[in-house]
Amino acid sequence: MATAHPGAAPAAGRTSRSTRLSGGTMTALAATAALLIVFTTDQVLPATSDHQAQLRIWLGSRAAGFMALLLLTFQVIVGLVLSHPTNKSTWRLSKRLFPWHEHAWVFTIAFGAVHVVSIAMDHFAKVGVIGVLVPGLSEFRTVPVALGTLSMYALLITGLTARMTRLLPAGWWLKLHRLSLVVLGLAWMHGMLSGTDTFDAMAIYGSTFVGVAIAAAYRYWVFRSGRPTFSSSLAEEASR
Ligand code: HEM
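Keep in mind that this is a model prediction, so the values were computed, not measured.

For the protein, the count of helices and strands is 10 helices and zero strands. Secondary structure elements in the protein, listed N-terminal to C-terminal, are α-α-α-α-α-α-α-α-α-α. Looking at the protein as a whole, 26% of its 240 residues qualify as buried. Considering only contacts within the protein whose residues lie at least 6 apart along the sequence, 67% involve residues at least 24 apart.

With that out of the way, let us pick up helix α8 (residues 180-194). Its 15 residues give α8 an end-to-end C-alpha distance of 21 Å, which sits within 8% of 21 Å, the value for a rise of 1.5 Å per residue. Of the residues making up α8, those classed as buried are Ser180, Val183, Leu184, Leu186, Ala187, Trp188, His190, Gly191 and Ser194. Those residues of α8 that are buried lie in contact with α2 (50-82), α6 (142-162), α7 (172-177) and α9 (202-225).

The biggest cluster of nonpolar side chains holds 30 residues, and the ones touching the most others in it are Leu72, Ile109, Ala110, Ala113, Val114, Leu184 and Ala187. Those elements giving two or more residues to this core turn out to be α1 (23-44), α2, α4 (94-121), α6 and α8. The leading source of residues in this core is α4, at nine residues. Once you skip the residues sitting within four places of it in the chain, Leu72 turns out to touch Thr108, Leu184 and Ala187.

Moving on to the packing of α2 against α9. Each pair of packed helices gets described by two things: the angle between the helix axes and the distance between those axes. As a packed pair, α2 and α9 sit with axes 9 Å apart at the nearest point and diverge in direction by 15°. Classified by the angle between their axes, α2 and α9 sit roughly parallel to one another. α2 and α9 meet at a crossing whose hand is left-handed. Here Phe66, Leu69, Leu70, Thr73, Val76, Ile77, Leu80 and Val81 of α2 come into contact with α9, specifically with Ile204, Thr208, Gly211, Val212, Ala215, Ala216 and Arg219. Grouping the amino acids of the contact of α2 with α9 by side-chain chemistry returns 11 nonpolar, three polar and one charged.

With phi around 50°, Arg92 is a residue other than glycine that occupies positive phi space. Within the element layout of this structure, Arg92 appears in the loop between α3 (85-91) and α4. Given 11 C-beta atoms within 10 Å, Arg92 falls into the exposed group. Backbone geometry places Arg141, a non-glycine residue, at a positive phi of 35°. Positionally, Arg141 belongs in the loop between α5 (128-133) and α6.

All right, on to the site of the ligand then. Inspection of the region around the ligand gives 29 residues, with Gly65, Gly148, Gly191, Gly195 and Thr196 positioned closest. Elements that contribute at least two residues to the shell around the ligand include exactly α2, α4, α6 and α8. A class-by-class count of the residues in the shell around the ligand yields 15 nonpolar, 12 polar and two charged.

What follows deals with the confidence of the model for the protein. Of the residues in the protein, 85% reach a pLDDT of 70 or more, and the chain-wide mean stands at 84. Overall, residues 6-17 carries pLDDT values under 50, and its contacts beyond four positions in sequence, including any with other chains, amount to nine contacts. Contacts for the low-pLDDT stretch residues 230-234, under 50 throughout, to residues beyond four places or in other chains number six contacts.

The terminal C-alpha atoms of α9, which comprises 24 residues, lie 33 Å apart, in line with the 34 Å expected from a rise of 1.5 Å per residue. All of the buried residues in α9 are Thr208, Val212 and Arg219. The inward-facing, buried residues of α9 contact α2 and α8. Gly226, located one to two residues past α9, shows a positive phi value of around 55°.

Attention shifts here to the packing of α2 against α4. Viewed as axis vectors pointing N to C, α2 and α4 meet at an angle of 155°, and their least axial separation amounts to 8 Å. Viewed along their axes, α2 and α4 adopt a mutual orientation that is roughly antiparallel. α2 and α4 meet at a crossing whose hand is left-handed. Among the residues making up the contact of α2 with α4, the classes are represented as 20 nonpolar, 11 polar and no charged.

Rules used throughout
Residues numbered from 1 in each chain as written. Predicted model: local features only at pLDDT ≥ 70, side-chain atom pairs only at ≥ 80, totals over all residues. Helix = DSSP H or I, 4+ residues; strand = E, 2+ residues; numbered from the N terminus. Buried ≥ 20, exposed ≤ 12 C-beta atoms within 10 Å, placed from the backbone. Contact = placed C-beta atoms within 7 Å. Expected span 1.5 Å × (residues − 1). Core = buried A, V, L, I, M, F, W, Y, C linked by C-beta atoms within 7 Å. Axes fitted to C-alpha atoms, helices over the stretch in contact; angles between N-to-C directions. Parallel < 35°, antiparallel > 145°, perpendicular 65-115°, else oblique. Left-handed = near helix turned anticlockwise from the far one by under 90°. Nonpolar A, V, L, I, M, F, W, Y, C, P; charged D, E, K, R; others polar. Near = placed C-beta within 6 Å. pLDDT = per-residue confidence, 0-100.

Put into structure tokens, the structure is as follows:
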């Protein structure tokens, strides 16, 4: 039998599924709303030159790229807290944190979609639809953009398989889910190498890197060293 997601909240006490929008619907709605906002901005505040009009979609794409990166970082850090050995024994934050981890994916995908669709629509970016979909076919910064495409596909795989645990052989979803750190690494490298003003955005790249590095190191250090946690030490005390 497939392993259930460890952080999944019990069905009881949750809002009925029928009253909630599915992840796919929310993603489509959020992406449509974001594209509509870019379009509406142009109607309300029309660009005063062709150059300004062209910049608008490019700036929108860049902003969405940064949002996707920040959301992905948040999601990975929350995931590392959920799977931290001390969380299972002592912190017990899963019930509170799991919905954030689960729903952040929808927004990451939505901002990622806006980033990708708008960069494909921007003729000056020299990426194009094929350059977006096939790694290595972008005229603009071929390798850095290919990293972005790969991270997008890997993000879809890790997110979708976490929602289809019952369709996969036991334990597979978790192995695939651990690719999330690779997804983030690829997206991070992609942003650093293909972004236009990387130096000005160093605060974002630096803080996301340090945040994930600390969370991952702490999680793996405690796991590997098998350090006693607060409650496991209590059990040991009691058995003496
Ligand atoms: C099919 C997938 C993707 C493609 C084709 C793509 C394409 C691009 C391009 C062409 C740029 C350079 C924009 C510029 O001229 O400054 C860029 C920048 C960026 N992308 Fe992506 N991207 C993809 C996926 C992603 C994903 C999944 C993330 C994050 C989760 C992301 C985050 C960023 C960031 C943070 C920047 C830097 C913005 C800047 O400094 O200008 N991208 N992307």
